[in-house]
Amino acid sequence: VGDLSAADLKGKKVFVRADLNVPLDDNQNITDDTRIRAAIPTIKHLMQNGAKVILSSHLGRPKGVTPKFSLAPLVPRLSELLGIEVVKAEDCIGPEVEKAVAALPEGGVLLLENVRFYKEEEKNEPEFNVRFYKEEEKNDPEFAKKLASLADVYVNDAFGTAHRAHASTEGVAKFVKPAVAGFLMQKELDYLDGAVSNPKKPFAAIVGGSKVSSKIGVIESLLEKVDVLLLGGGMIFTFYKAQGKAVGSSLVEVDKLELATTLFEKAKSKGVSLLLPTDVVIADKFAADANSKVVPASEIPDGWMGLDIGPDSIKTFSEALDTTKTVIWNGPMGVFEMDKFAVGTEAIAKKLAELSGKGVTTIIGGGDSVAAVEKVGLADKMSHISTGGGASLELLEGKPLPGVLALDEA
Ligand code: 3PG
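Now for a look at the structure at hand. (Residues numbered from 1 in each chain as written. Predicted model: local features only at pLDDT ≥ 70, side-chain atom pairs only at ≥ 80, totals over all residues. Heavy atoms only, no water.)

1. Points about the overall build of the protein
(1) Moving on: When helices and strands are counted, the protein shows 15 helices and 18 strands.
(2) Moving on: Viewed in the frame of its principal axes, the protein has a C-alpha envelope of about 70 × 45 × 45 Å.
(3) Moving on: When the 410 residues of the protein are sorted by exposure, 55% land in the buried category.
(4) Moving on: By sequence separation, contacts in the protein at least 24 residues apart represent 73% of the contacts at least 6 residues apart.
(5) Moving on: Accessible surface, the protein: about 17100 Å² in total, of which carbon and sulfur atoms supply 52%.
(6) Moving on: Averaging the coordinates of the 48 positive side-chain charges in the protein and doing the same for the 58 negative ones gives two points 2 Å apart. (Helix = DSSP H or I, 4+ residues; strand = E, 2+ residues; numbered from the N terminus. Buried < 20%, exposed > 50% of the residue type's maximum accessible area, 1.4 Å probe, protein only. Contact = heavy atoms within 4.5 Å. Areas by Shrake-Rupley, 256 points an atom, 1.4 Å probe, with all protein chains shown as cover. Lys, Arg positive; Asp, Glu negative; His and termini not counted. Charge placed at Lys NZ, Arg CZ, Asp CG, Glu CD.)

2. A short note on the environment of Ser392
(1) Moving on: Position of Ser392 relative to the elements: it lies in helix H14 (residues 390–396).
(2) Moving on: A relative accessible area of 0% places Ser392 in the buried class.
(3) Moving on: Expressed as a C-alpha distance, the spacing of Ser392 and Gly367, which sit 25 residues apart in the sequence, is 8.4 Å.
(4) Moving on: Those residues within four positions of Ser392 in sequence are excluded, and the remaining contacts are Phe159, Leu192, Gly365, Gly366 and Ser386.
(5) Moving on: Engagement of the side chain of Ser392 in a polar contact is seen with the backbone oxygen of Gly388, the distance being 2.6 Å. (Polar contact = N/O pair within 3.5 Å; in protein donor to acceptor, adjacent residues only side chain to side chain.)

3. Focus on the sheet that holds strand E13 (residues 292–296)
(1) Moving on: Pairing in this open sheet of three strands is antiparallel, and the strands run E13-E12-E15 from one edge to the other. Each edge of the open sheet carries a strand with a single partner, namely E13 and strand E15 (305–309). Neighbour to neighbour, the strand axes of the sheet diverge by 40° on average, direction disregarded.
(2) Moving on: Alignment of strand E12 (residues 279–283) against E15, held across four bridges, turns out to be antiparallel. Its bridge partner lying in E15, Ala283 is registered against Met305.
(3) Moving on: Packed onto the sheet, helix H11 (residues 311–322) meets E12, E13 and E15 and runs at close to 40° relative to E15. (Pairing = 2+ DSSP bridges. Axes fitted to C-alpha atoms, helices over the stretch in contact; angles between N-to-C directions.)

4. Topic: the site of the ligand
(1) Moving on: Neighbouring residues of the ligand: Asp19, Asn21, Arg35, His58, Arg61, Arg116, Gly160 and Arg164.
(2) Moving on: Within the side chain of Arg61, one N or O atom sits 2.7 Å away from an oxygen atom of the ligand.
(3) Moving on: Measuring from an oxygen atom of the ligand, one finds a side-chain N or O atom of Arg164 at 2.6 Å.
(4) Moving on: Among the residues making up the shell around the ligand, the classes are represented as no nonpolar, three polar and five charged. (Near = heavy atom within 4 Å. Nonpolar A, V, L, I, M, F, W, Y, C, P; charged D, E, K, R; others polar.)

5. Considerations on the environment of Glu220
(1) Moving on: As for its position among the elements, Glu220 is in helix H8 (residues 216–223).
(2) Moving on: Assessed through its relative accessible area of 31%, Glu220 is described here as partly exposed.
(3) Moving on: Separated by 46 residues in the primary sequence, Glu220 and Lys266 place their C-alpha atoms 8.5 Å from one another.
(4) Moving on: Setting aside chain neighbours within four positions, we find Glu220 in contact with Leu263 and Lys266.

Printed below as a string of structure tokens:
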């Protein structure tokens, strides 16, 4: 992808697609501003180099114009972080927007309204479009053209939305030249693609989460690259079951038992050391106030369910990580939303922070594991924390991201 730092920006109108899809509470307060903060370096670079910044994002999944999905609540925080008054447009295309763009001074920032208020934004990617679409499935590019007509330069910094082939993430790149990646996009690709494809070895991956089915792609892809694979979270019970162990009433995906066996075999044939927890924290119900105890992984009694990895597993996992040079983590080790079952996840977060301090590259690959690292206040200790959920997962699965492909092609 093209390099933003090499782009000529002075006096240029720059359309920046960021992922400012932040969570808001019922009173429209931002409850986590990570994605806004992550977008700041690119916007500041543009401002400092005399660009007129046209900032665009989606928020939520609105069906048409929906006030509660307006980007207006983001303006104060953006203004504060950028140190200027960000101007908010009421729309994202049309004559009013064109006027506001024309009035932008060099170094000014205009925030467009939620780009998903137009169904044409997503029409760029129909449901049945599975990333590589056939010519006849391509959509009407008119909306992308309208967005593109606002600008001289396109910067895509929306890594979190790079797995969507939408008008503002994919379409615009065809109509504005140059079209380059922003600093956040570049950093995400450097870590989640670069460091993972070409890691300093030994390379370990920790994969957790409740379901094997949602992580199959990631596990299969990582098995090609890692030396050590540690599995935790609810998915382990499907693996135990496949090994014939007693899992009590733990979560098991019966239709994935065969697959679990195949993954064991694949790990073996690749020489990957695949470790499952040796002990688990079990509970008598799925609740924060459940009775709980630690048992060996093969001895889960009937009526009990595993909700976290146990202390022996934490020790084994930590030792396995001690000799690594690169670690990627995706998915919690247990039900970390409940304090009683957060110990395993928090221990892994602490271990990774410790390894970071020793020069190990530590990558937190999106979603719940990011929330877990943030919950224990260790986010700034990691080499990289991804701002993507679905996008990180797809990249780790080895799928090309349409938003990145469009930049490559540009
Ligand atoms: C996300 O939160 O994962 C991104 O902003 C993409 O949002 P979407 O899943 O609604 O496309």
